[in-house]
2 protein chains.
Amino acid sequence: MFRIVVDVMGGDFAPEAILRGAKLALENLPEVFLILVGPKEVLKTFPNSKQVDFLFTEEYVRMDESPGEVLKKKKRASIFLGLELLRDGVADAFVSAGNSGAVVAGSIFILGRIPGVRRPAIATLLPTLKEPMVLIDAGANVDSKAYDLYQFGLMASLFLETIWGRPKPRIALLSIGEESGKGNQLVKETHKLFSTSKLNYYGNIEGRDIYKGLVDVVVCDGFIGNICLKLSEGLAETILEMLKNEVKKSFLYLFGMYLSKGALTSFKKRTDWREYGGAPLLGVKGNVIISHGKSDAYAIKNAIKQALQFAKMDLYKKLEKAIEESLLEGEKVEE
Amino acid sequence: MFRIVVDVMGGDFAPEAILRGAKLALENLPEVFLILVGPKEVLKTFPNSKQVDFLFTEEYVRMDESPGEVLKKKKRASIFLGLELLRDGVADAFVSAGNSGAVVAGSIFILGRIPGVRRPAIATLLPTLKEPMVLIDAGANVDSKAYDLYQFGLMASLFLETIWGRPKPRIALLSIGEESGKGNQLVKETHKLFSTSKLNYYGNIEGRDIYKGLVDVVVCDGFIGNICLKLSEGLAETILEMLKNEVKKSFLYLFGMYLSKGALTSFKKRTDWREYGGAPLLGVKGNVIISHGKSDAYAIKNAIKQALQFAKMDLYKKLEKAIEESLLEGEKVEE
């Protein structure tokens, strides 16, 4: 059994979607033991079983609150109490679809950073024309420095190698041209760090090539990463919506689309972020999974499934060891 | 007749695609007079007519050259000679699908900036679920300051109002959350400038809402704007590619997709960047249209068509007047 803490008050559709997701997880994942953190009133209707425990707290972080402030003022918020369970070894992984700034700040403050890591970062798995790839940072940091971006690449590389067994992941830096001279100041500085590192550095990659599957890791600042991620989701939705509008113009089109419905469903499943469930926060001392703010029950179930995988694989310990070794090899991990 | 200068050496598929685009334009746009700038050897086969003139030069800017360097070393490059024709009143508009950094630098150096404008910016028209909107800056500048972003919004607003007659355009600032506190340092500072301006400021917009048609203008730094633009193109292509791969799995799907082919074609046309042809560089003293580096003949024809529209409407003069008036009204246009 692996013990997963779930923040039931995090996310745009909390607590209902989270509770339904937790139930789905219990029905489908026999190795999971859930610790649900939230108000007594919310949790009292949740079915008791051998696979579930509760931690009651009335406080929680709203989606629009400032992470710095809540960390001081809401010490008993569900996110923070949940992270304390992880720190104290009561749980093996933590899942929240709540205020991601608060999850990041709480993780750094309560769990601490892996030695050598300056800034933890969110590593999101994305589908491509070939293998899925990792976009890092998907929004843990804004205004990163070149050295931070270099470390994001290092962490994602070790993550893919150690956890998914992908040898020598190709790392690319997101920019506005493939040539090394192109980009803003930050990208130019980071390019130098990657070029002289031992990592399998591909060079700059343009926005248009992200989804082609040319590389295993795309590195960028969290501000840009978050915009790219949300833009992609919004655009995919818009494209399907526009396509639907066109199809509606003729009965023949509608009939044709009806026949190929299976292809559409299979395509949607392949590109649906809900299939991935959540993204690990790499660089903190614990298995923290940040789920999408718009998570429904299905997405939460998948986030718990991913948390289970990471707990089984001992993600954080393995990453800590890999980072330590790359330090020993003389990698420039410390500033 | 309106005189449009075309750089035949600019673009990934130059000069062939540009020459074919120029021919298409001459066949379809009777009001156009083209001045083609490029090597004699390249232009000698182009059919002579009353609607075309040539300016021969052997020099041109490669796609990967540094704008600053070529501006010094290649004074007779097709981009720069073409811009000189615009400056000297010999032509009404200029089109290039070439090195956009060189077009921007050349425009600033040769044409000069509209008084009050600190940084010219590329305004790209994008399709949405509702009306098309403007993304500014699409890549003229990297590392912009808050005041630059504010001016991008002002210019795009005046552009939409004056040229397209769209009243009080809603301007949004691209960020990672709708709340005013969210974003990086640059966005937070810019948010303050917009909030206290007379512009119709919508607030922050997230990546996922760009294509929903909620606003008329989306403002961001050129580094991010260019990534968003290319990401969108790449993703749209990838989605159609993935969809095709799914459809191929069954004969029924294939047959269904065949029936709805008309819908797909119409959708593609609606979202194809080639339909828009090119994007104006706002803030310089002249009608400069920057076309996509991957432009084919059809895209070039449309860019020339757009150049014709802007020449007819007297885009630059109108924008200059509008900016001057907004200066008189006490808008903070000067630093």
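Residues numbered from 1 in each chain as written. Chains lettered and ligands numbered in written order. Predicted model: local features only at pLDDT ≥ 70, side-chain atom pairs only at ≥ 80, totals over all residues.

1. Digging into the overall build of chain A
Phase 1 of the analysis: Looking only at helices and strands, chain A has 12 helices and 11 strands in total.
Phase 2 of the analysis: Radius of gyration (C-alpha) of chain A: 20 Å, near the 20 Å computed for a compact globule of 335 residues.
Phase 3 of the analysis: With the C-alpha coordinates of chain A rotated into their principal frame, the extents come out at 65 × 60 × 35 Å.
Phase 4 of the analysis: Looking at the 335 residues of chain A, the share that counts as buried comes to 54%.
Phase 5 of the analysis: Sequence separation of 24 or more characterises 71% of the internal contacts of chain A that already satisfy a separation of 6 or more. (Helix = DSSP H or I, 4+ residues; strand = E, 2+ residues; numbered from the N terminus. Rg over C-alpha atoms; globule rule 2.2 N^0.38 Å. Buried ≥ 20, exposed ≤ 12 C-beta atoms within 10 Å, placed from the backbone. Contact = placed C-beta atoms within 7 Å.)

2. Comments concerning the sheet that holds strand S11 (residues 288-291) of chain A
Sheet strands line up and pair through hydrogen bonds in the backbone, either parallel or antiparallel.
Residue and element names in this part refer to chain A.
Phase 1 of the analysis: Taken in spatial order, the 11 strands of this open sheet run S3-S2-S1-S4-S11-S10-S5-S6-S9-S7-S8, and their pairing is mixed. Every other strand in the sheet has two partners, leaving strand S3 (52-56) and strand S8 (201-206) as the edge strands with one partner each. This sheet shows a mean twist of 25° between the axes of neighbouring strands, independent of strand direction.
Phase 2 of the analysis: Bridge count between strand S1 (residues 2-7) and strand S4 (residues 93-96): 3 bridges; the pairing is parallel. Each residue of the ladder has a partner; that of Ile 4, found in S4, is Ala 93.
Phase 3 of the analysis: In this fold helix H6 (residues 146-164) packs onto strand S5 (121-126), strand S6 (133-136), strand S7 (171-175), strand S9 (217-219) and strand S10 (278-282), with an angle of close to 165° to the strand it touches most, S9.
Phase 4 of the analysis: Helix-sheet contacts for helix H8 (residues 222-247) involve S5, S6 and S7, and the interaxial angle to S6 is about 130°. (Pairing = 2+ DSSP bridges. Axes fitted to C-alpha atoms, helices over the stretch in contact; angles between N-to-C directions.)

3. Structural notes on helix H10 (residues 261-271) of chain B
Turn by turn, an α-helix covers 3.6 residues, leaving residues three or four places apart pointing in a common direction.
Phase 1 of the analysis: Of the positions making up H10(B), those classed as buried are Ala263(B), Leu264(B) and Phe267(B). Around the axis of H10(B), the buried residues are gathered within 100° of arc, so they sit on the same side. Across from the buried face of H10(B), at angles greater than 90 degrees, the exposed residues are Lys261(B), Thr265(B) and Lys269(B).
Phase 2 of the analysis: Lining the buried residues of H10(B) we find H8 and helix H9 (251-259) of chain A. (Arc of directions from axis to C-beta.)

4. Re the domain arrangement of chain A
Residues and elements named next belong to chain A.
Phase 1 of the analysis: Domain boundaries assigned for chain A yield domain 1 (2-117 + 283-313) and domain 2 (122-273).
Phase 2 of the analysis: Of note, the centres of domain 1 and domain 2, computed from C-alpha atoms alone, are 26 Å apart.
Phase 3 of the analysis: Between domain 1 and domain 2, the residue contacts involve 7 residues of the former and 7 residues of the latter.
Phase 4 of the analysis: Residue composition of the side of domain 1 that touches domain 2, by class: 4 nonpolar, 3 polar and no charged. (Domains from an automatic or database assignment. Nonpolar A, V, L, I, M, F, W, Y, C, P; charged D, E, K, R; others polar.)

5. Re the packing of helix H1 (residues 16-28) of chain B against helix H11 (residues 297-313) of chain B
Residues and elements named next belong to chain B.
Phase 1 of the analysis: Viewed as axis vectors pointing N to C, H1 and H11 meet at an angle of 50°, and their least axial separation amounts to 7 Å. In terms of their interaxial angle, H1 and H11 are classed as oblique. Between H1 and H11 the crossing geometry is right-handed. Every residue of H11 that contacts H1 at Ala 17, Ile 18, Arg 20, Gly 21, Ala 22, Leu 24, Ala 25 and Asn 28 is listed here: Ala 297, Ala 299, Ile 300, Lys 301, Ile 304 and Lys 305. (Parallel < 35°, antiparallel > 145°, perpendicular 65-115°, else oblique. Left-handed = near helix turned anticlockwise from the far one by under 90°.)

6. Side note on helix H11 (residues 297-313) of chain A
Residue and element names in this part refer to chain A.
Phase 1 of the analysis: For H11, built from 17 residues, the straight-helix expectation of 24 Å at 1.5 Å per residue is met to within 8% by its first-to-last C-alpha distance of 24 Å.
Phase 2 of the analysis: Counting buried residues in H11 gives 12 out of 17 residues, a clear majority hidden from the surface.
Phase 3 of the analysis: Here H11 has its buried residues at Ala 299, Ile 300, Lys 301, Asn 302, Ala 303, Ile 304, Lys 305, Gln 306, Ala 307, Leu 308, Phe 310 and Ala 311.
Phase 4 of the analysis: Asp 314 occupies a position one or two residues after H11 and carries a positive phi of about 60°. (Expected span 1.5 Å × (residues − 1).)

7. Considerations on the relation of the copies chain A and chain B
Phase 1 of the analysis: Superposing chain A onto chain B requires a rotation of 180° together with a translation of 0.0 Å along the rotation axis, leaving an RMSD of 0.0 Å. What we have between these two chains is a two-fold relation. Measuring from the rotation axis to each C-alpha of chain A, the shortest distance belongs to Gly256(A), at 1.8 Å.
Phase 2 of the analysis: Both copies contact each other with a shared surface, as 100% of the interface residues of chain A are interface residues in chain B too. (Least-squares fit on C-alpha atoms with pLDDT ≥ 70 in both.)

8. Overview of unusual backbone geometry
Excluding glycine, most residues fall at negative phi; most peptide bonds, likewise, are trans.
Residues and elements named next belong to chain B.
Phase 1 of the analysis: Residue Pro 15 follows Ala 14 across a cis peptide bond; omega there is -5°.
Phase 2 of the analysis: Within the secondary structure, Pro 15 sits in the loop between strand S1 (2-7) and H1.
Phase 3 of the analysis: The peptide bond linking Ile 136 to Asp 137 adopts the cis configuration, its omega dihedral lying at 5°.
Phase 4 of the analysis: Here Asp 137 lies in the loop between strand S6 (133-136) and helix H6 (146-163).
Phase 5 of the analysis: Its identity is not glycine, yet Asp 143 carries a phi of approximately 55°, on the positive side.
Phase 6 of the analysis: Residue position: Asp 143 is located in the loop between S6 and H6.
Phase 7 of the analysis: Given 13 C-beta atoms within a 10 Å radius, Asp 143 is considered partly exposed.
Phase 8 of the analysis: Look at Asp 314: it is not a glycine, yet its phi comes out positive at around 60°.
Phase 9 of the analysis: The residue Asp 314 is located in the loop between H11 and helix H12 (315-328) in this model.

9. Looking at the sheet that holds strand S2 (residues 32-38) of chain B
All names here are of chain B.
Phase 1 of the analysis: Taken together, the 11 strands give an open sheet; going across it, the order is S3-S2-S1-S4-S11-S10-S5-S6-S9-S7-S8, and neighbouring strands pair in mixed fashion. If you trace the sheet from one side to the other, it starts and ends with strand S3 (52-56) and strand S8 (201-206), each paired once. Averaged over all neighbouring strand pairs, the angle between strand axes comes to 25°, with direction disregarded.
Phase 2 of the analysis: Bridge analysis of strand S5 (residues 121-126) against S6 gives 4 bridges, and the strand direction is antiparallel. When the bridges of S6 are listed, Leu 125 appears paired with Val 134.
Phase 3 of the analysis: Against the sheet, helix H7 (residues 185-195) engages strand S7 (171-175) and S8, with an angle of about 170° to S7.

10. Comments concerning the interface of chain A and chain B
Phase 1 of the analysis: Listed as interface residues are 56 residues of chain A and, on the opposing side, 56 residues of chain B.
Phase 2 of the analysis: The set of elements that each furnish at least two residues to the side of chain A that touches chain B consists of H8, H9 and helix H10 (261-271) of chain A.
Phase 3 of the analysis: Looking at the side of chain A that touches chain B residue by residue, the classes come out as 26 nonpolar, 17 polar and 13 charged.

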